[in-house]
Each structure stands twice: as structure tokens, then as C-alpha cells.
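Geometric and topological summary
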Amino acid sequence: MKAKILEHSKIPSTLQDNQYLPIPEASLSQFESKHHIELPHEYRQFLLHVNNGGIGPAKGIIPLDLGHFYENLDLPWTNPSQYNQLFRYDGNSENEEEFDDRVDALLDDEDSVECKIYDAKDHGTITLVDNGCGSTTILVVSGDRKGEIWLDLTVNEDGLVFLAKNFLEWHLSWLQAQVEKISEKNQAISERISIREPSIPHFSNTKSLHAFLGIFKGGANKEPVFDMLERLLQANNLPKDVILAIVDYLVENPEFKNYSLALKFIDIALQDFQHWEPSALKPLLCTKGKAHVGIQEYVQAKSCFDNALTLEMPHFPKGTLKDEHLRLLALSLLCLERHDEAESLLLRPRETMDIENAVFLLMDLYEKFKDFERTLLWGELLLGSTLLDENGKYEYNVSPIYLYLTYASIRMGNTVDAEKYLEQLSQIEQNPQNIPYGQIALILFEEGFYKKSLQFLDMYASLPISRNVSYWVDNLRGCCYADMGNHKKGIAHFIKSFNGNGWIVPYCNLIRPYIHLNKLDKAQQVFDDILKFDPYYSWNYYQFSLYHIKEENPKKALDLLQKALGLGLDIKVIKEDKELASIIDQL
């Protein structure tokens, strides 16, 4: 599947890192003995010889956690037919109130047959996939249905749905469907790229445009799309709906985002603006303003939004804009150093204060625009007197403001202010589980504050919420110690993280500490293990490149780094790596 993806795309990070190496026979047998079960044959072979979960439907197959005790695995699973007959809601035979009353009556007697059927729904199964919204895909490990795969929709009273007779049938079916889908797309892209079209393309309607762009959705190379659109600029009498659809792709779709090209199409549309209704012109001007913001042309962006404010539109009369565009106008004012106007736009007068939109702007500044300096500026403005009531207390939930001020302070290298903001946040949030100590620790690590990152990891690890991600905590601890030069401690935490469920990331992270401790044979062994498991894992080539630098073989190191880049590694990772500075100019 990865080979097919790489023909015209890059392997997403979700497929790169969401992988778990096979479980050793001894460890799996110990798990079975502890739970008094024998896992279904197909699933057991998968864990032993393929991987411990990872790539699969939805967010992937959940790895088996060897350190976790799964309740009631040895008890037989329910009879799904009886369960559905008793507890699946059927709107044709009863309404919701009648259903609730009937189920309550059935479960009133804890010793009844019906109650035992209901309780057994949670016996003898392992959750394979979290499908979202409470729906899960489960594997039956005990009872008459052992080995079968079912869809659990009981959270919505939609019962249990049979999917496959065994794990192999279920997983191969999904895998084959993915390969066929990717192969069809690859063929369509190849055929399209092979066509040389020096002439101006023709799209008579949006359907033909969507069909063309759909071919390249998910592909890495968008140049054929942009080349075609550049030639399309020369077309005469391009339909208005086609122009608007193109603009929407270029501004709103992350895959096809190209603000400069979008502005060219918007200008073509606006040449005929006298035939546009104000209700249609207003959103087009706002889209143009958004495109200008995207390329940091804030004067032009402000002009577009100012013009849009003068136009009438259903639900958005003169003097108003949609929330997103209002935030972009405020952002433009901040970037033009017109702070008072930005504050007036969202925070004054008090009667019309749009605090929710103002907080969203704070989040946009940090997350979308990575403008940490203005995140701090806007956050402080938000904490000003406008948010205080007559008693000097905050009228609104200011937790997210303090949180993003904490994040931005760390990014700006000011941990003193970060701790000050976090102290304020902890006074507001009485429940420490509402404070994202793990995310704070990650940001501290990314900015090189390793000791402080470890402190916050300890805080996070002390909370019940961290128990399901202890492997992530140990991996980050290992990264902190390794980057501090304490390679032995780094190795200890990487091994602890890996032993929990076989996650590929900490195992690969062992390579560099082993190299630094001159345990080159162990570094080679890890590299070879991962290469055999997944030859498309870019992080493996990147980590092992240091081996060849230590061996004074820069050519081999460069070959590995080129391989990593070809598999999707961000070149910024390499450029920021001081240990690779000696060869970076040759890359």
C-alpha cells in the first residue's frame, strides 16, 4: 500500500508513526496466561509476524497493551442476535420513550436472563478500532463467536453488526480496498500527466472542474493543476460559477491552496463587478481579503474587508462581516500596528463585545499563523479591563487566553512569563486534568527547555488521564534526556516506551543514543529491524545517517537523508539538526 502511495504522493505522518512492531511469542503467551485466554489464531499470527496494530480503518488498529489488564476477557461474549432483539432500537415498532421504558424494565432485575445478555456485551472482546462517536470495531476472543469481527453501535442503541468471520478476512478486505482505490487514482494521475495540453483547457461547468481536480486529490504533485489553471486565465467568457469554484479550491482547500493564483481569478471576476449583486460581491471581496492575508498583504486585505463592510447581504447587513472575515480584518489591523482599531473591532463598545470571536483570533494567531509575538500582544489586550466586570472579576472563561499566552511565551523563549500565565490558569481550573500538561511539555521540548519539559511530564504522568498514553510520556522523556546528553537515561525510557506496545517511534529513537555511546552494533540492529519491518519509514533513515557521519562516510549519510526526504521527511528537521551540520550544504 505504501509503495502505491509513493507513486504520486507522500506517506502521511499518520501512517508513518502509527506503527507497532510484532510482539515476541513469550510476551504474547504471558498476556494470554494472565487473562486465561488463547487469542484467535488469525489475530495471534498478525501480532506475532506482521505488527501489533497500527495501519487500518479509521485512525488505525489499536495496539494490544501488554501492560494493561483487560477486564473479563475470559468470559464469553453475549449472543448478538438475542442482544439485538432485546436492546436494539427500532423506530418502526416503538418510540424512544417506549424503548427506554422497556429497556429499564428488562434491566431492573440484575439476575434476569436479559440483564446477563446485556452485561455480556462487554465480556470477551478486544477493541480493534475506535470509529468515533462511541462506535467501535471489536474482536471476539471468548464464547461461541470467538474470532469474529463485529461493529459495536450500542452507544446509539443501534446494536451489534457482523463484519467478518475472522481477523484476516476483515483486515485483508480493508487493505485490498485501499490498494485498489490508490491504484485507480495513480492510473488517473498518470494518464492526465501524460497528456500534453498547450491549448487553453475548457470547463463548461463546475462538474467537469471537480472531476479534473478530484484526480489530483491526495497527490503530491499539484503542478499539473496549477499549470492548467494558469492557462485557463487566458480563456474568454469563463462561466462565473466555474471561476468561483476555482477560487474556492485555491483559497479554502488545503491541498490546492495557492493564494496568488486565486487573486488572479478573483480579479477576472471583479472586472465584471457591475453585473454582480451586492450579496454575491460581498463574499468575493472577503475571499480576496483572505487571500491577501495568506500572502501577508495586509493593506490590500484591509481594503477588501472595508469595501465588503459597505455592502448589504442577507444575514450580514452593512457594517458586518462573517466571524472568520472579522477576525482576518482584526489580524490585518494588528499586523499594521493599528492595535486600537483591532481592539475596537471586537472588544468595543462593551454592549457588542464579541469575546468568543476575539478568543478564536488568539487561537488563529498561534495555530494558523504561528505569529507568537502577536499572540502575546492580543492575549494581553484580551485580559485588559474590557473583560472585567464592575467588581474587577472576569465575566468570561479566560482559561484559553492564559493557555495560549503560556504556549506563545514558551515559543518566544520566555519560560518565566509562561509559568506566570500557567499559575493564573491553574487558579481558574480547579481540576488539574483540564490543564494540558502533556502538550506544554511537548512545546517545551520542541523549544529546547528539556529540564522544564521533564517537570511538566511528571505533572502529566501523575494524572489518571495519562495512563493510556504512558508510552508517549516515556518516549518524550527519552527524547529530553537524549538531547541533554544523558544517553543512558534516554535509552532506558525509550526501551520502557517500546516494551509497552511495540511502538516504532521510541524503538527508532534508540539509534542515536546507541551511536553516541559507541554501541554501533546495537544501532545497526535497530536500523535493520525497522528496515525489515517497514522499508518506507523515513525516520529510520534520518536517525541512522549519523552512524555514517561517525564512520566518516558522508556519502552514505547523504544517501540516507535523500531517501528520508523522498519518503516525506520535512527538510526542516534536517536543517535544524546540529549533528548533521557538516554535510547539510551537500544535501
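Please refer to the structure placed before this passage.
Bear in mind that the values here come from a model prediction, so they are computed numbers and not experimental data.

Moving on: the sheet that holds strand S3 (residues 149–152). What links the strands of a sheet is backbone hydrogen bonding, and the strands pair in either a parallel or an antiparallel sense. Pairing is antiparallel across the open sheet formed by four strands, whose spatial order is S1-S2-S3-S4. Because the sheet does not close on itself, it has two edges, and the strands there are strand S1 (125–132) and strand S4 (160–164). Mean inter-strand twist for the sheet, computed between neighbouring axes without regard to direction, equals 25 degrees. Of the strand pairs in this sheet, strand S2 (residues 135–140) and S3 are connected by four bridges, and their pairing is antiparallel. Across the sheet, Ile138 pairs through a bridge with Trp150, a residue of S3.

What follows covers the nonpolar core. Ranked by size, the top nonpolar core spans 135 residues in total, and within it Leu229, Phe265, Trp378 and Leu382 carry the most contacts. Residue contacts for Phe265: discarding those within four places in its chain leaves Leu229, Leu232, Leu233, Leu238, Ile243, Ile246, Val247 and Leu250. Grouped together as the second largest cluster of nonpolar side chains are 23 residues, Leu39, Tyr70, Leu128 and Val141 included.

To continue, consider helix H23 (residues 470–483). The terminal C-alpha atoms of H23, which comprises 14 residues, lie 20 Å apart, in line with the 20 Å expected from a rise of 1.5 Å per residue. Packed against the buried residues of H23 are helix H21 (437–446), helix H22 (450–461), helix H24 (487–501), helix H25 (504–509) and helix H26 (511–516). In the segment just after H23, Gly485 is the residue with positive phi, at about 95 degrees.

To continue, consider the pattern of salt bridges. Applying the stated criterion to the full structure yields 25 salt bridges. Residues Asp306 and Lys302 are paired through a salt bridge, measuring 2.5 Å at the closest nitrogen-oxygen approach. With Asp306 and Lys302 both in helix H14 (residues 298–309) and four residues apart, the pair spans about one turn of that helix. Judged by relative accessible area, which is 28%, Asp306 ranks as partly exposed. Notably, a salt bridge pairs Lys555 with Asp559, separated by 3.4 Å at the nearest N-O pair. Of this pair, Lys555 and Asp559 both sit in helix H29 (residues 554–566), separated by four residues, roughly a single helical turn. For Lys555, a relative accessible area of 58% translates into the label exposed. A residue is classified by how much of its surface remains accessible, and Asp559, at 42% relative accessible area, is partly exposed.

Parameters at a glance
Residues numbered from 1 in each chain as written. Predicted model: local features only at pLDDT ≥ 70, side-chain atom pairs only at ≥ 80, totals over all residues. Heavy atoms only, no water. Pairing = 2+ DSSP bridges. Helix = DSSP H or I, 4+ residues; strand = E, 2+ residues; numbered from the N terminus. Axes fitted to C-alpha atoms, helices over the stretch in contact; angles between N-to-C directions. Core = buried A, V, L, I, M, F, W, Y, C linked by side-chain atoms within 4.5 Å. Buried < 20%, exposed > 50% of the residue type's maximum accessible area, 1.4 Å probe, protein only. Contact = heavy atoms within 4.5 Å. Expected span 1.5 Å × (residues − 1). Salt bridge = Lys/Arg side-chain N within 4 Å of Asp/Glu carboxyl O.

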